[in-house]
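A closer look at the structure
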Amino acid sequence: MIKSRFSVGLYAAALLTGGMMFYAGVVHAEPGKRPLPVQSQACERIDQIQGRVPGRAQERLQAHPNCQGISVTLMHTNDSHARLEPISASGSDPEHGGVARVKTIVEQVRAEVGHDNVILVDAGDYSQGTIFWNAWKGSDAVMFINDIGYDVITLGNHEFNLGPDNLVARIEGHPVTIAGVDYATEALRAAVVATNLDLSGEPNLDRLVQPSAIIEKGGVRFGVLGLITDTTRNISSPGPNVLFLDYVQSVQAEVDRLRDQEGIRHIILLSHVNHADDLALARQLSGVDIIVSGHDHVLLGDMSQLPSWTHNRIQGEYPAVVSGRDGDNTLVVSAWEWTRVVGRLDVEFDALGRVVGWSGGPIVADLSIPEDQGLAQKVAAYRVPVDAFANVIIGSSGMFFDGNRIPGVRSQEMPLGNLVTDTMLNYVQLDGLGIEAAITNGGGIRASINQGDVSFGDALSVLPFGNSLVAMDVTGAELVAALDNGLTWSYDPVGNRVQSTGAWPQVSGMTVSYCHSTVADIQAAILPPAVCGDALLEGGVVKAVEIQGAPLSLDQTYRIVTNNFMARGGDFYASLGTACDRIGHFCEDTFFLMLDAFVDEFERNSPVNRGLEGRLIAE
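Thoughts on the overall build of the chain
- Helix and strand content of the chain: 20 helices and 28 strands.
- By the burial criterion, 59% of the 619 residues in the chain qualify as buried.
- Of the contacts formed within the chain by residues at least 6 apart in sequence, a portion of 76% connects residues at least 24 apart.

Focus on the sheet that holds strand S14 (residues 320–323)
- As summarised here, the arrangement of the 6 strands in space is S9-S10-S12-S13-S15-S14, forming an open sheet in which the pairing is mixed. In the strand order of this sheet, the two ends are held by strand S9 (212–217) and S14, each with one partner. Neighbouring strand axes in the sheet, compared pairwise and without regard to direction, differ in orientation by 25 degrees on average.
- Along the sheet, helix H10 (residues 247–262) makes contact with S9, strand S10 (220–228) and strand S12 (267–272), crossing S10 at roughly 165 degrees.
- Contacts from helix H11 (residues 275–284) reach S10, S12, strand S13 (290–293), S14 and strand S15 (329–334), with the element oriented near 35 degrees to S14.

A closer look at unusual backbone geometry
- For the bond running from Tyr318 to Pro319, omega is -10 degrees, close enough to zero to count as cis.
- Positionally, Pro319 belongs in the loop between S13 and S14.
- In this chain, Leu527 is followed by Pro528 through a cis amide linkage whose omega measures -5 degrees.
- Along the polypeptide, Pro528 turns up in the loop between helix H17 (516–523) and strand S24 (542–547).
- Residues other than glycine seldom take positive phi values, yet Asn274 does so here, at roughly 150 degrees.
- Within the secondary structure layout, Asn274 lies in the loop between S12 and H11.
- Accessibility expressed as a relative area gives 13% for Asn274, which makes it buried.
- Even without a glycine there, the phi angle at Ala525 is positive, about 60 degrees.
- Relative to the elements of secondary structure, Ala525 occurs in the loop between H17 and S24.

Here we look at the state of the cysteines
- Evaluation of the coordinates by the stated rule reveals 2 disulfides.
- The disulfide that involves Cys515 links it to Cys532, with 1.9 Å between the sulfurs. A torsion of 55 degrees about the S-S bond marks the disulfide between Cys515 and Cys532 as right-handed. Of this pair, Cys515 sits in the loop between strand S23 (510–514) and H17 while Cys532 sits in the loop between H17 and S24, and the two are 17 residues apart along the sequence.
- Using a relative accessible area of 9% as the deciding quantity, one classes Cys532 as buried.
- A sulfur-sulfur separation of 1.9 Å characterises the disulfide bridge that pairs Cys580 with Cys587. Residues Cys580 and Cys587 share a disulfide whose torsion about the S-S bond is about -75 degrees; that sign makes it left-handed.
- For Cys580, a relative accessible area of 22% gives the class partly exposed.

The rules behind the values
- Residues numbered from 1 in each chain as written.
- Predicted model: local features only at pLDDT ≥ 70, side-chain atom pairs only at ≥ 80, totals over all residues.
- Heavy atoms only, no water.
- Helix = DSSP H or I, 4+ residues; strand = E, 2+ residues; numbered from the N terminus.
- Buried < 20%, exposed > 50% of the residue type's maximum accessible area, 1.4 Å probe, protein only.
- Contact = heavy atoms within 4.5 Å.
- Pairing = 2+ DSSP bridges.
- Axes fitted to C-alpha atoms, helices over the stretch in contact; angles between N-to-C directions.
- Disulfide = S-S within 2.5 Å.

Right, dumping it as C-alpha cells:
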C-alpha cells in the first residue's frame, strides 16, 4: 500500500532513475570534513533562504539542476531476543522466523533496489530470551548482525543484563567459555549508537558506542541516532557509571549538530523506548525523519497485507505519520519481535530533505521465505556447544504453558505464572523459613513450555536471568505498594506514563483484588487512568489481599519470597527495596536460583499442570 504526497514531477524523476535519485558529484569540503554531494550543498543554500524569502527559495529550487529529491529503502528489526532459530508452530501460528530467513528477506530487497540503496538497522534487545544467549552471552547476536550486514544498531535494556564489561567483551569479540571450553567469537562490525547515554564513567564502553553514526548510501549521507529507555537503570544491570540523559534534549542537540556541523539532511532515530512514547517524541523533535521503535514489541501493519494469524497482534498503521515540531512528517515504524518480521520502509525525500512519500510494511518471515543456508549453518554451529546440557530431559508437562507477554504473563494471571511462583513458594530448600507468599515479575518469564517432554534448555528459556530467591519480611503496606506498582505497570503519575509492563505481578500464596477500571485504562494507554476510589493505599489499585486465606493487615509483617532483582527495587518495586535495606530487617538472599526451584518441580512432580485459580481478581 502506497501513501504518497510527493509531486508528480518528482515521482516521474524517481521512476526514470529506477526509483533512486542519488548524486555522486562532490565539491571540496573544509579540512577534516567529508565532502558533501552537490545536491546537498545546493539545497542547503536554499534551506537558508527558505522561510525568510519563500518565493525566492522556490524559484532557486526550480532553477538549480542538481537540487532534487532522493529515495531510500530502510529495513529494520527490533527485539529479536536471541531467536536465532525458527519459532516452532504453536496454536494457529505456523513455524516462522529465524535469522536465516531474515537474511533472505534482506538480500531479496537488496537485489531488488540495489545493495547501496538499502539501510539496515536494529532498534535493540538482540540479547536474552533463548538458550543461545545463556551460552554465548550476546556473541550469538554479534554473529548474525555481522553476517546479515547491519549498518547501525542501538542498545536495548537487555544488552546490559550481564553488565557493561560483558557488553564490551561481546562488541570486541572476546572468547566465550561454555561448559568449560573456550570458543572464539567475532567483533561487531556495525556501528553502535546511543545518544542519551553518558558513558564517560565506563571508558571501555564509551569508545565503542557513539552518540550518532553517519552512513553513506548512493552518495548521500544519513545520520543515525539511538535511544535506550531510561528504565534500564531499574530493569537491567548497567551499573552506577552509566548515566541516562533526557530523551528530547540529547537527541535534539545531536540532530542539530549533525545538520549544522556535518551537513546531514536525513536523520533516522533508533529508539528502544516504546512505540507510544516514540509517537510523543516525534512531536517534540525537529529534523528527525524516521523513528524505528523497539522495546514493547509492537506489530504495525495492514490486515490486508498480513496473514490472518498475525491480525490480533496488529496495533496500528505502518508507518505511523506524525507531524514533528517543525511541521514536517516523521515516520514511526516497528517490526514486532523475535525475527517474526522484517520491516521495509521505502521513503521519498524532497529537495529540501523532507519526507514526502512512503510505502512498505512488515515482511513476515514465514515458510515461503527460504533460509539462507550459509547463516543457517552458522546457527547450527553455534548450537553445538550448548546442546550437551540443554537437551537433558528434566520431566514432562501435561499441558501447553503459554508464556506470551500481552495478553499473558505481563497483563493477567497465567498458569505459567502460577507454576513459577508455586515453585518459589514450595521449594524444598526453603523449608523452615516460614514463607507465606511468593511474587515475581511477569517480565522475568520469557518463554512458553509445550506439552510433553521438558528439557533443561526449555526451563532455562522460561527463566533465563539467573535470578536467585530472596526471602524477606515486608509489612502489609509494603506488600500492597509492591502489588500496586506491578498491577499498574509502574505507572508514574508525574510523568503520566507506564514505566515497565514487565513489572506485572504473578503470585502464589495470596489472592489480590484490584480496580478493573484503573488497570484497564492503563493497559489501553488511557492516561491518566481512572481513579480507584476504594484502594487500600491512596493512589493505588489494590482493594483487598488475602495471605494464606486470611485478610491482609497493613501493619502486620509477612514473610515472602521474591527474586533478587525485585528485592533490590528492580522493575520499580521500591517498597521491596526499602524493606530489604531496612537495618535489622530480615532479607536474605538464599543464592538458590529460581531456575533450580523450577527444574525441581519437573523432576519431582511430572507431568506438571496448573490452571487459573483467581489469584488476581479484577473488580
